[in-house]
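Here is how the chains run, residue by residue.
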Amino acid sequence: MTEKRGILESGLVGRGGSESATPRVYGCSAIAGLAAMIGALISPCRALAQAAGEVPAALAPVGAPTGGSGALQQAAPPAHPESGIAPYAGASVQERAAEFLRGHPDLPCDFRESYALGERVWVACGGSGLLVLSDTQGTLNAIERRDLGGSVQGFFSSGGRVWVRTTQEHALVIGESGRLPEDSGPPSRPLPGLTPPPTNDLPVRPESPPDSPPPQPPPEVPTGTVVAVEGREVTINLGAVHGLQLRDKISMQLGDVLVVGGEEDTLRPRVVVAAVVELWKDRARLRTGVNEVVKVGMFARPTFDESTKSRVAPPRVAEVWELRLFGRPMFNLGEVGGGLLAEASIGRRSSMWHYGAALNPVGVGGDAKNGATLPWAGYVFGAFDSKAFSAGLGVGAQTVNFAQVETGSGLGVVQLLRLGSVDGLHLGVRSSVVIFHSETEFATLDIQGQLAVGEAAWLLLRGGGGSVGYGYGEVALRSLMRGNGGPGSFFFEVSVGGSALIRDTCEFCTTQVVGGPMVGLGGEWRF
């Protein structure tokens, strides 16, 4: 009763236990006034934020108009802060991808975002993975679906590359004691006022000291460009001030490369990785491999990848003309005399073909007793040509200096075969048959083996001969003197060995041989 009196004396409850209308109205009026004051302070801030675009329309009070029509508007998806690209940048790509998915209900896709790269459109489909579409003359077609081991959410750019963003879900088993496994994360902390459970089943992981610094993000990889290219020497605008050291590896490429599942998509030119051989404050010089194409303006950044140069199987050059000239002067053993055994060819390597014309061999020689002899063979050829092998045919004419009757010339058919890389390890064979006096006879066989003995040097063993009227064997050294193996390059070649020019006929039962030790000199130009 004392407590009730106190309440009565306060005037909040009327006498006799009934509510008093007047004091209640006063209390409600006070609360309403306070709410009005707070609303008056918040409303101008909200209006200014919405006008500046800092607060999305989705945060407006329910039922409040956000546009001229009074209808609620849904907020656009926010940009990924770490990406550097808005998720809906390029509305036409997004709309085309969405329209394609609406027209193909058989392709499950929780559409999140799309990204166009070359002739491909990559679509993030959430839990349905990554959908790859081809964009051919404005028409989209599904190519494949890739499972990246998680939910594909979108794309972001970093370091000049475009990355696929994925998320993963994990499940943890709660033990009978009500605790998570020890290695599942940081230890739990009891709520204030609650007694923590006993910990005699598993040890408690000690907490980190409160003054330990937070983990720092990895340093950003510096990105530069190629500023000069001279043969196999490449200069970039990164140096010691950017953290480079001698023998560091640098990756060079053109444009963005889409990274999917940790692997780069092959929509862009080959990436070249080379080591730093000279270093300055803000410059570095690299040395690339044979036939590796690097151009001014390519992106350059440090990498842990291995160098892409190869001695065994360097890249194949294409869209290039080749001119080869080689001569082997010789001394005759016996009667005073000598001669020259030479070869010449010109051809073009396209994306998958090698074609041209050759005069191989062509020789002239003689001695004081028997006079001169002139063997030769010429043909045009065409061959399928790849990095790993080449095979083709040729047709032409040749002399016949091994005959049961008089010597002469006939129609020749040439077979060409190469196993291995042109500028790497390979074995090459050239053979021919000749149609002579209405008969087909085996004519020539030449074999060549090549082995790299340096970054731009090769050792060759070759030899051959036949009824054309020649024979030879030699050891040669081939070296790249200028350029990187592409257009503008020059290869120098020198050899030692022995050769002979032969004419054998039973018309007078005589055999003429002019031959002995020889040296060879020549070159190959690519343009």
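Residues numbered from 1 in each chain as written. Predicted model: local features only at pLDDT ≥ 70, side-chain atom pairs only at ≥ 80, totals over all residues. Heavy atoms only, no water.

Here we look at the overall build of the protein
Condition: Where helices and strands are cited, they refer to DSSP runs of H or I of at least four residues and of E of at least two residues respectively, numbered from the N terminus. Remark: exposure states derive from per-residue accessible area (1.4 Å probe, protein chains only) relative to the maximum for the residue type, with buried under 20%, exposed over 50%, and partly exposed in between. Between two residues, a contact is recorded if the distance between any of their heavy atoms is within 4.5 Å. With residues, only the protein chains shown are counted as cover, and all accessible areas are computed by Shrake-Rupley using a 1.4 Å probe.
Along its length, the protein carries 3 helices and 28 strands. For the protein, the residues scored as buried account for 35% of the 527 residues in total. Long-range pairs, those at least 24 residues apart, make up 53% of the contacts in the protein with a sequence separation of at least 6. Just so you have it, the protein exposes about 30,400 Å², and 61% of that area is on carbon and sulfur atoms.

A closer look at the environment of Tyr355
Along the chain, Tyr355 turns up in strand β17 (residues 353–367). Excluding anything up to four places from it in sequence, Tyr355 contacts Gly347, Arg348, Ser350, Phe381 and Gly382.

Some thoughts on the packing of aromatic side chains
Centre distance and the angle of the planes are the two values used to describe a pair of aromatic rings. Defined as follows: Aromatic pairs are defined between Phe, Tyr and Trp rings, using the six-membered ring for Trp, whenever the two ring centres lie within 6.5 Å; interplanar angles under 30 degrees are classed as stacked, those over 60 as edge-to-face, and all others as tilted. Whether a charge lies above a ring is judged from NZ of Lys or CZ of Arg, which has to be within 6 Å of the ring centre and within 35 degrees of the ring normal.
One pass over the full model with this rule turns up 7 aromatic pairs. When the ring of Trp353 is compared with that of Phe384, the centres are 5.9 Å apart and the planes differ by 85°; the resulting orientation is edge-to-face. Note that Trp353 is positioned in strand β17 and Phe384 in strand β19 (residues 376–385), a separation of 31 residues in sequence. Owing to a relative accessible area of 45%, Trp353 belongs among the partly exposed residues under this scheme. By relative accessible area, Phe384 is classed as partly exposed at 27%. Members of the aromatic cluster, connected to one another through ring pairs, are Trp353, Phe384 and Phe389. When the ring centre of Tyr472 is taken as origin, the NZ or CZ atom of Arg328, which lies over that ring, is 4.6 Å away. Over the ring of Trp458 we find Arg478; its NZ or CZ atom is 4.9 Å from the centre of that ring.

Quick look at the pattern of salt bridges
In plain terms, the rule: The salt bridge criterion pairs a side-chain nitrogen of Lys or Arg with a carboxyl oxygen of Asp or Glu, the two atoms within 4 Å.
Scanning the entire structure with this criterion turns up 25 salt bridges. For Glu319, the salt bridge is made with Arg348, and the minimal N-O distance between the two is 2.7 Å. Within this pair, whereas Glu319 is found in the loop between β14 (299–303) and β15 (320–331), its partner Arg348 is found in strand β16 (residues 337–349), the two being separated by 29 residues in sequence. Classification of Glu319 as partly exposed rests on a relative accessible area of 44%. Exposure remark for Arg348: the relative accessible area of 18% places this residue in the buried category. Of the charged contacts in the structure, one is a salt bridge between Arg328 and Glu343, with a shortest N-O distance of 3.0 Å. With Arg328 in strand β15 and Glu343 in strand β16, this residue pair connects regions lying 15 residues apart in the sequence. For the pair shown, Arg328 and Glu343 are each scored as buried. Connected through shared salt-bridge partners, Arg316, Glu322, Arg349, Asp385, Arg418, Asp423, Arg478, Glu524 and Arg526 make up one network.

Observations concerning the state of the cysteines
Keep this limit in mind: Any cysteine sulfur atom paired with another within 2.5 Å is treated as part of a disulfide.
Inspection of every chain in the model, using the stated rule, returns 1 disulfide. The disulfide that involves Cys109 links it to Cys125, with 2.0 Å between the sulfurs. Disulfide Cys109 to Cys125: torsion about the S-S bond roughly -85°, handedness left-handed. One end of the pair, Cys109, is in the loop between α3 (91–102) and β1 (113–117); the other, Cys125, is in the loop between β2 (120–124) and β3 (130–136), with 16 residues separating them in the sequence.

With respect to the sheet that holds β2
Filter applied, for reference: Strand pairing is assigned whenever DSSP detects at least two bridges linking the two strands. Every axis corresponds to a line fitted to the C-alpha atoms, with the helix fit spanning only the stretch in contact, and the corresponding angles, defined between N-to-C directions, vary from 0 to 180 degrees.
With antiparallel pairing, the 4 strands of this open sheet are ordered in space as β1-β2-β3-β4. A strand with exactly one partner marks an edge of an open sheet, and here the two such strands are β1 and β4 (139–146). Neighbour-to-neighbour, the strand axes of this sheet turn through a mean angle of 25°, independent of strand direction. Relative to β2, β1 runs antiparallel, the two being bridged by 5 bridges. Considered in β2, the bridge of Leu117 is made with Arg120.

Regarding the side chain of Arg232
What counts is decided by this rule: Throughout this description, a polar contact denotes any pair of N or O atoms lying within 3.5 Å of each other; where both atoms belong to protein, one of them has to be capable of donating a hydrogen while the other can accept it, and for residues adjacent in sequence the pair is counted only when both atoms sit in side chains.
Along the chain, Arg232 turns up in the loop between β7 (224–230) and β8 (233–236). For Arg232, the side chain forms a polar contact with the side chain of Glu455, separated by 2.8 Å.

Describing unusual backbone geometry
With omega at 5°, the peptide bond leading from Asn360 into Pro361 counts as cis. When you line up the elements, Pro361 lands in strand β17. A positive phi angle is found at His437, which is not glycine, with a value near 55°. Positionally, His437 belongs in the loop between β23 (426–436) and β24 (439–454). Its identity is not glycine, yet Ser438 carries a phi of approximately 65°, on the positive side. Residue position: Ser438 is located in the loop between β23 and β24. For Ser438, a relative accessible area of 78% gives the class exposed.

Focus: the sheet that holds strand β9 (residues 249–253)
Strands sit in the order β7-β8-β13-β12-β9-β14 around a closed barrel of 6 strands; the barrel is antiparallel. Sheet twist, expressed as the mean angle between neighbouring strand axes with direction ignored, is 45°. One ladder, built from 2 bridges, connects β7 with β14; its direction is antiparallel. The partner of Gly224 across the bridge, within β14, is Ala300.

Observations concerning the nonpolar core
Heads up, the rule is: What we call a nonpolar core is a set of buried Ala, Val, Leu, Ile, Met, Phe, Trp, Tyr and Cys residues that are connected through their side-chain atoms within 4.5 Å.
Val226, Val234, Ile236, Ile250, Met252, Leu286 and Val294 are the most contacted members of the largest nonpolar core, which totals 15 residues. Where this core is concerned, the elements lending two or more residues are β8, β9, β12 (272–279) and β13 (284–287). Top contributing element to this core by residue count: β12, with 3 residues. The contacts of Val234, once residues within four sequence positions are left out, are Val226, Ala228, Val229, Met252, Ala284, Arg285, Leu286, Thr288 and Val294. Counting 10 residues, the second-largest nonpolar core is a separate cluster that includes Tyr115, Trp122, Leu130 and Val152.

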